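Residue strings, one per chain:
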Amino acid sequence: MPPQTPTTPNKFYFYYGHRKPSQNRPTVRGGLFSNRQTLTPPKPKTSKQTNHFQIQKWDPHFLSHSYSPPPPPSPEASFSASIRLSPIARFIIDAFRKNDNKWGPTVVTELNKLRRVTPTLVAEVLKVQTNPNIAFKFFRWVEKQKGYHHNFASFNAFAYCLNRANHFRAADNLPELMDAQGKPPSEKQFEILIRMHSDAGRGLRVYHVYDKMRNKFGVKPRVFLYNRIMDALVKTGHLDLALAVYGDFREDGLVEESVTFMILIKGLCKAGKIDEMLEVLGRMRKKLCKPDVFAYTALVRIMLLEGNLDGCLRIWEEMKRDIVEPDVMAYGTIIGGLAKGGRVLEGYELFKEMKSKGHLIDRAIYGSLVESFVAGNKVGLAFDLLKDVVSLGYRADLGIYNNLIEGLCNMNKVEKAYKLFQVTIQEGLEPDFLTVKPLLLAYAEKKRMEEFIKLLEKMGKLGFSVIDNLSKFFSHLVEKKGPVLTLEVFTHLKERGYVSIEIYSIVMDSLHLSGEVVKALSLFDEIKGSDLKPDSSIYNIAILCYVDRGEFKEACVCHNKIIEMSCIPSVAAYCCLAKGLCEIGEIDEAMMLVRDCLGNVASGPMEFKYCLTILHICKSNDAEKVISVLNEMMQQGCSLGNVVCSAIISGLCKYGTIEEARKVFSNLRERKLLTESDTIVYDELLIDHMKKKTADLVISGLKFFGLESKLKSKGCKLLPD
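My aim in this report is to walk through the structure given alongside it, one point at a time. Every value quoted in this text rests on a predicted model; they were computed, and no experiment measured them.

Compared with the 18 Å implied by 1.5 Å per residue over 13 residues, the 18 Å span of helix α11 (residues 187-199) between its first and last C-alpha is a close match. Of all the residues in α11, the buried ones are E187, Q189, F190, E191, I192, L193, I194, M196 and H197. Looking at the buried side of α11, the elements it contacts are α8 (152-164), α9 (168-172), α10 (174-180), α12 (203-216) and α13 (223-235). Two residues or fewer after α11 comes G201, characterised by a positive phi angle close to 75°.

The subject of this paragraph is α8. Helix length check: α8, at 13 residues, gives a terminal C-alpha distance of 18 Å against a target of 18 Å (1.5 Å per residue), a fit within 8%. Among the residues of α8, S154, F155, N156, A157, F158, A159, C161 and L162 are the ones counted as buried. Taken together, the buried residues of α8 touch α6 (119-126), α7 (132-142), α9, α10 and α11. Of the residues flanking the end of α8, it is N166, one or two places downstream, whose phi is positive at about 65°.

Right, let's talk about the environment of C582 for a bit. One can find C582 in helix α33 (residues 571-583). The spacing of C582 and A647 is 65 residues in sequence and 9.3 Å in space, taken between C-alpha atoms. Aside from chain neighbours lying at most four places away, what touches C582 is A590, N642, V643, S646 and L685.

We now examine the pattern of salt bridges. Scanning all chains against the criterion turns up 37 salt bridges. When the shortest N-O distance is used, the salt bridge between E176 and K212 registers 3.2 Å. In this pair, E176 is assigned in helix α10 and K212 in helix α12, connecting sequence segments 36 residues apart. With a relative accessible area of 23%, E176 lands in the partly exposed category. The partner of D525 in a salt bridge is K528, with the nearest N and O atoms 3.7 Å apart. With D525 and K528 both in helix α30 (residues 517-528) and three residues apart, this pair spans about one turn of that helix. Connected through salt bridges with shared partners, the residues E187, E191, R195 and R222 form a single ionic network.

Residue placement: T297 occurs in helix α17 (residues 293-305). Only 2.7 Å separates the side chain of T297 from the backbone oxygen of V293, close enough to count as a polar contact.

On to the environment of E346, then. With respect to the secondary-structure elements, E346 resides in helix α20 (residues 344-356). Here the alpha-carbon distance between E346 and L313, two residues 33 residues apart in the chain, equals 9.7 Å. Among all residues touching E346, those that are not within four sequence positions of it are L313 and L338.

By the definition in use, this model includes 22 aromatic pairs. Measuring from centroid to centroid gives 5.7 Å for F96 and F138, while their planes differ by 80°, and the two rings are edge-to-face. Here the residue F96 occupies a position in helix α4 (residues 87-98), and F138 occupies one in helix α7, the gap between them amounting to 42 residues. Accessibility classification places F96 together with F138 in one group, the buried group. Taking 5.4 Å as the distance between ring centres and 75° as the angle between the ring planes, the aromatic pair formed by Y348 and F373 counts as edge-to-face. Of this pair, Y348 sits in helix α20 while F373 sits in helix α21 (residues 363-375); the two residues are 25 residues apart in sequence, bridging distant segments of the chain. The exposure classification of Y348 matches that of F373, with both residues buried. Cluster of aromatic residues (ring-pair linked, three or more members): Y207, Y210, Y226, Y246 and F249. Geometry around F152 places K183 over its ring, the cationic atom sitting 5.5 Å from the centre. Over the face of the ring belonging to F168 we find R202, whose NZ or CZ atom lies 3.9 Å from the ring centre.

So, about the side chain of S372. Tracing the sequence through the fold places S372 in helix α21. Polar contacts involving the side chain of S372 include one to the main-chain carbonyl oxygen of S368, which spans 3.0 Å. Ignoring sequence-local partners within four residues, the contact set of S372 consists of A339, K340 and V344.

Turning our eyes to something else, we now look at the packing of helix α28 (residues 483-496) against helix α29 (residues 501-513). It is at 10 Å that the axes of α28 and α29 come closest, and there the two elements cross at 150°. Here α29 runs roughly antiparallel to α28, going by the angle between their axes. Here α28 runs over α29; the crossing is left-handed. Of α29, the residues touching α28 (which contributes P483, T486, L487, F490 and K494) are I503, Y504, V507, S510 and L511.

Conventions we followed
- Residues numbered from 1 in each chain as written.
- Predicted model: local features only at pLDDT ≥ 70, side-chain atom pairs only at ≥ 80, totals over all residues.
- Heavy atoms only, no water.
- Helix = DSSP H or I, 4+ residues; strand = E, 2+ residues; numbered from the N terminus.
- Expected span 1.5 Å × (residues − 1).
- Buried < 20%, exposed > 50% of the residue type's maximum accessible area, 1.4 Å probe, protein only.
- Contact = heavy atoms within 4.5 Å.
- Salt bridge = Lys/Arg side-chain N within 4 Å of Asp/Glu carboxyl O.
- Polar contact = N/O pair within 3.5 Å; in protein donor to acceptor, adjacent residues only side chain to side chain.
- Phe/Tyr/Trp six-rings, centres within 6.5 Å; stacked < 30°, edge-to-face > 60°.
- Lys NZ or Arg CZ within 6 Å of the ring centre and 35° of its normal.
- Axes fitted to C-alpha atoms, helices over the stretch in contact; angles between N-to-C directions.
- Parallel < 35°, antiparallel > 145°, perpendicular 65-115°, else oblique.
- Left-handed = near helix turned anticlockwise from the far one by under 90°.

In structure tokens form, the structure reads like this:
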């Protein structure tokens, strides 16, 4: 028997674990196999939890309230965008940021650390750059590198950067720069500029780029780009330029697409050129195909928006000629347009045609027809449509009921209108002010105030805000029936406690406009004697009434009340009070009101603005300059009023002389802009105002030297006690 050798363990063919590092061998981790044993790696633990489906998150109404899109990134916060850039691009962006996005020697020093900047890197940086100044400096700096030449990508990125900064005119000059550097622009570069301008709605710039592209550089657009150019010109209202571009399109021998024809047809429809549109439509029908129902519906909608109902019907006839069957959308568009345009009978004929074809009629079509029938006093046809709606299984909406109630009230059938109002409540609809407004107006006109009050009580039970709706009703009543009936209704409601400051304001304003100033002021006295607190609108109307009666002191008190309430008087109150003060010779106070109005009101009267100009020009003490300002004012449509003449008196008395002021008024008298009596009145005001100014100067001098006490002791009446 041969000797037995001792058994040796099997060799490990794969090392498991970490190898011992040495000088020539780095640390290497073992594989998945060790000693021919399969090792299953542990599964990574996912921390993301699975969200179960929730129906409320799918609901579009829920999403519209709960989800809000993230705000756009600010131009300064470009770090998050630079994360997606290459390391060298991030280095360049950081160099700009460290220097507050301002080009300077420090930025150049940082950039000189780079060995070379390639055109691809330039494009990468310019894509995220928002500062046009530093982008331009960087764009010109890289050109100084030896052997560097921009490529199309860098030029395109620079164009996008300029457009983002609203320097689109500079971007339009890039084709010349490209051509000067030996890179003649291709169609792609012009397409970028055209797309930028068309998206921003700059039609003339689109045509400018197109003209440069075709006539200066000899680049002919493709059909797609031609369509984009014509579409941008049509949308911005430059149809003549679009037709000129279409002439170039045909001159180049290109073949129209359906999009080409539809762009021209829509533009001609919008301009109301029906004959030219039909010519283009015939060319489309002959060369390519006839439009489908969607195209015809779009054309009908365009004509309706322009108010061209005849053109709309001609398009409808062309659709029938092409044997294109209109769908529900087409019928609804033209019926609604004809109904709103006052040609409801033609729309009703199309409605019957639509019904005979078995189309599902939308409730909105019924609503537009009912509204138009009621407006045309054809309430019987409107009720026939209501019966049709109910027979089809629809439930009429509140708009249909509101129109029918208004139609019945216009026919003096108030009882039937009230029954229909009760039907809306039984149907579960929620009546609004438009529902009860015709009933309230009918009761007020017939002076059936008991039923009027009962309807108000009914409105309160239904949850109406009665006082707010009464304010709307009184505004409507003033517009329809005038202030006499309004005051009668208001008197009845006042006895029942249905009053508010807003209602008082509406009634007072109507009385003032009709010339019943005494009655308006009596209502103002009622407010002051009641528990109600007047607001600024009440005081504004009171100012107008007091000025009309010549009670300027009371008007000034009302003005001061408005100021005490930290409110601003109305422009009408400012103008009226300033004019009244000028009539009684209180010119300085009137000029203070002029300045106060222009300081508080965003768009003050043009007359007041010229008053300040006159006061400023009077510092030169030159009548000719004042007359030139007056000529400019009258060319702008401003009349030569009392306030303007008072400004002349105030300015020349303060900074000039009486002689210069008389020259101005004499010139106006010679040009028949002032009557002789007005000239005499203004001359007297001029003398009186100059006396006041002189007395003020004397008093100021006496007070300065401390002599007013001696004058009082001698009984001088120059100074008041």
